[in-house]
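# Per-entry structural report
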Amino acid sequence: MRPATEALILIDVQNDFCPGGALAVADGDAIIPRINALINDFACVVLTQDWHPASHSSFAANHPGAAPFSVTQMPYGPQVLWPTHCVIGTDGAAFHPALRTDPAQMVIRKGFRPEVDSYSAFFENDHRTPTGLEGYLRTRGITHVTLAGLATDYCVAYSALDAAALGFQATVLMDACRAIDLNGSMAEATTKLHAAGVTLGH
Ligand code: VGL
Ligand code: ZN
């Protein structure tokens, strides 16, 4: 068992990011056995859930003429326009049925504001609007977070970078993540994670 100061944060292990889903990450479901075993080692387990209204501004379908995976400019910076995914209340937004969700004490839903996307478990893509996770972890005395889930180069990386910026020690278990890898996003994420002092573990 890890010390009580350590939390496991499992990012977006949802049907839409697994094979057959609307924004499927290659082999996304392959991480689930590893994650399910890992849960036993942590007294603090947090799950995140990408949770978008159908009108969400990150969906290409809500930008007439825009192709999925193209990039648009938002008031807070560039934003990839995704296929419609993880719509609130749909089966695609549900956790993968093989994921052990019972041990988790906290579920953070993110991306529910139509006008701003939220990759990170800590802040929305404006880098200012908090999800509340920081307060939860601090009031539980957490100083170190271990992250795994989907997708390595988006929601996992953004969460790890914010964790490090907030002063948490952060480890990403690379074997327990899978990437989208869009236009070099995985290489960029790896560089940023290294620069931020995030430990890339296995
Ligand atoms: C994610 C793209 C859009 C992720 C979520 O979980 O990495 N990526 N929404
Ligand atoms: Zn999303």
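See the structure shown above.
Report on the accompanying structure. These numbers were taken from a predicted model, which means no experiment stands behind them.

### A closer look at the coordination of the zinc ion (ligand 2)
Tetrahedral coordination by four donors places them ideally at 109.5 degrees to one another around the metal; octahedral coordination by six donors ideally gives 90 or 180 degrees. Looking at the zinc ion (ligand 2), one finds its protein donor set to be Asp 50 (OD), His 52 (NE2) and His 85 (NE2), positioned 2.0 to 2.2 Å from the metal centre. Each of the four donor atoms bound to the zinc ion (ligand 2) contributes to angles spanning 89 to 168°, and the resulting shape is irregular. Written as a sequence motif, the donor residues of the zinc ion (ligand 2) are D-x1-H-x32-H. For the pair formed by Asp 50 and His 52, the shared burial category is buried.

### Let's talk about the site of ligand 1
Surrounding ligand 1, one finds Asp 12, Phe 17, Leu 23, Asp 50, Trp 82, His 85, Tyr 119, Leu 150, Ala 151, Tyr 154, Cys 155 and Ile 180. Here an oxygen atom of ligand 1 sits 2.7 Å away from a polar atom, N or O, in the side chain of Asp 12. One nitrogen or oxygen atom from the main chain of Ala 151 is found 3.0 Å from an oxygen atom belonging to ligand 1. Compared with its free state, where it exposes 260 Å², ligand 1 has 100% of that area covered by protein. A class-by-class count of the residues in the shell around ligand 1 yields nine nonpolar, one polar and two charged.

### Let's talk about the pairing of strand 1 (residues 6-11)
Taken residue by residue, a regular strand's side chains alternate between the two faces of the sheet. Strand 1 sits mainly inside the fold: six of its six residues count as buried. Burial of strand 1 is two-sided: the residues Glu 6, Leu 8 and Leu 10 facing one way and the residues Ala 7, Ile 9 and Ile 11 facing the other way are all buried. Of the strand pairs in this sheet, strand 1 and strand 6 (residues 144-150) are connected by six bridges, and their pairing is parallel. Among the inter-strand pairings, Ile 11 is bridged to a residue of strand 6, identified as Gly 149. Here strand 1 runs beside strand 2 (residues 44-50); their pairing, made up of five bridges, is parallel. Each bridged residue has a counterpart across the sheet, and for Ala 7 the counterpart in strand 2 is Cys 44. Crossover connection from strand 1 via helix 1 (residues 32-38) to parallel strand 2: handedness right-handed.

### Considering the nonpolar core
Nonpolar side chains tend to gather and get buried jointly when the protein is soluble and globular. The biggest cluster of nonpolar side chains holds 61 residues, and the ones touching the most others in it are Ile 9, Ile 35, Phe 122, Leu 133, Leu 137, Val 145 and Leu 147. Broken down by secondary-structure element, the contributors of at least two residues to this core are strand 1, helix 1, strand 2, helix 2 (133-139), strand 6, helix 3 (152-165), strand 7 (169-178) and helix 4 (185-195). Dropping the residues within four chain positions of it, Leu 137 is found in contact with Ala 7, Ile 9, Cys 44, Val 46, Phe 122, Ile 142, Val 145 and Phe 168.

### Re the pattern of salt bridges
Tallied over the full model, the rule gives six salt bridges. The partner of Arg 2 in a salt bridge is Glu 6, with the nearest N and O atoms 2.9 Å apart. Arg 2 sits in the partly exposed class, given a relative accessible area of 31%. A salt bridge links Asp 50 to Lys 110, with the shortest nitrogen-to-oxygen separation between them at 3.1 Å. Remark: Lys 110 occurs in strand 5 (residues 106-110) and Asp 50 occurs in strand 2; sequence separation between them is 60 residues. Owing to a relative accessible area of 0%, Lys 110 belongs among the buried residues under this scheme. Through salt bridges that share partners, Asp 12, Asp 50 and Lys 110 make up one connected network.

The rules behind the values
Sequence order as written defines residue numbering, which begins from 1 separately in each chain. Whichever chain is written first becomes A and whichever ligand is written first becomes 1, with later ones labelled in order. In keeping with the predicted nature of the model, local features appear solely for residues at pLDDT of at least 70, side-chain atom pairs appear and are counted solely at 80 or more, and the whole-chain, interface and lining totals rest on all residues. Here the side-chain values reflect all heavy atoms present in the structure, with hydrogen atoms and water set aside. Coordinating N, O and S atoms are those within 2.8 Å of the metal (3.2 Å for Na, K and Ca), and as water is not part of the atoms, a site may appear to have fewer donors than expected. When four donors show all angles between 85 and 135 degrees the site is tetrahedral, when four or six donors have opposite pairs over 155 degrees and all other angles between 65 and 115 it is square planar or octahedral respectively, and in every other case it is irregular. Note on classification: 1.4 Å probe, protein chains only; a residue is buried when its accessible area is under 20% of the maximum for its type, exposed when over 50%, partly exposed between these limits. Definition of nearness: a residue and a molecule or strand are near each other if at least one heavy atom of the residue lies within 4 Å of the molecule or strand. Throughout this description, a polar contact denotes any pair of N or O atoms lying within 3.5 Å of each other; where both atoms belong to protein, one of them has to be capable of donating a hydrogen while the other can accept it, and for residues adjacent in sequence the pair is counted only when both atoms sit in side chains. Using a 1.4 Å probe, accessible areas were evaluated by the Shrake-Rupley method; residue-level cover was limited to the displayed protein chains. Polar here means any residue outside two lists: the nonpolar Ala, Val, Leu, Ile, Met, Phe, Trp, Tyr, Cys and Pro, and the charged Asp, Glu, Lys and Arg; Gly therefore counts as polar. Strands are runs of DSSP state E lasting at least two residues, helices are runs of H or I lasting at least four, and both sets are numbered from the N terminus onward. Paired strands are those between which DSSP finds at least two bridges. Here a crossover is taken to be right-handed if, once the strands point away from the viewer, the path from the first strand over the helix to the second is traced clockwise. As used here, the term nonpolar core means buried Ala, Val, Leu, Ile, Met, Phe, Trp, Tyr and Cys residues forming a set that is joined through side-chain atoms within 4.5 Å. Contacts were defined at the residue level, with two residues in contact if any of their heavy atoms lie within 4.5 Å. Each reported salt bridge corresponds to a side-chain nitrogen of Lys or Arg within 4 Å of a carboxyl oxygen of Asp or Glu.

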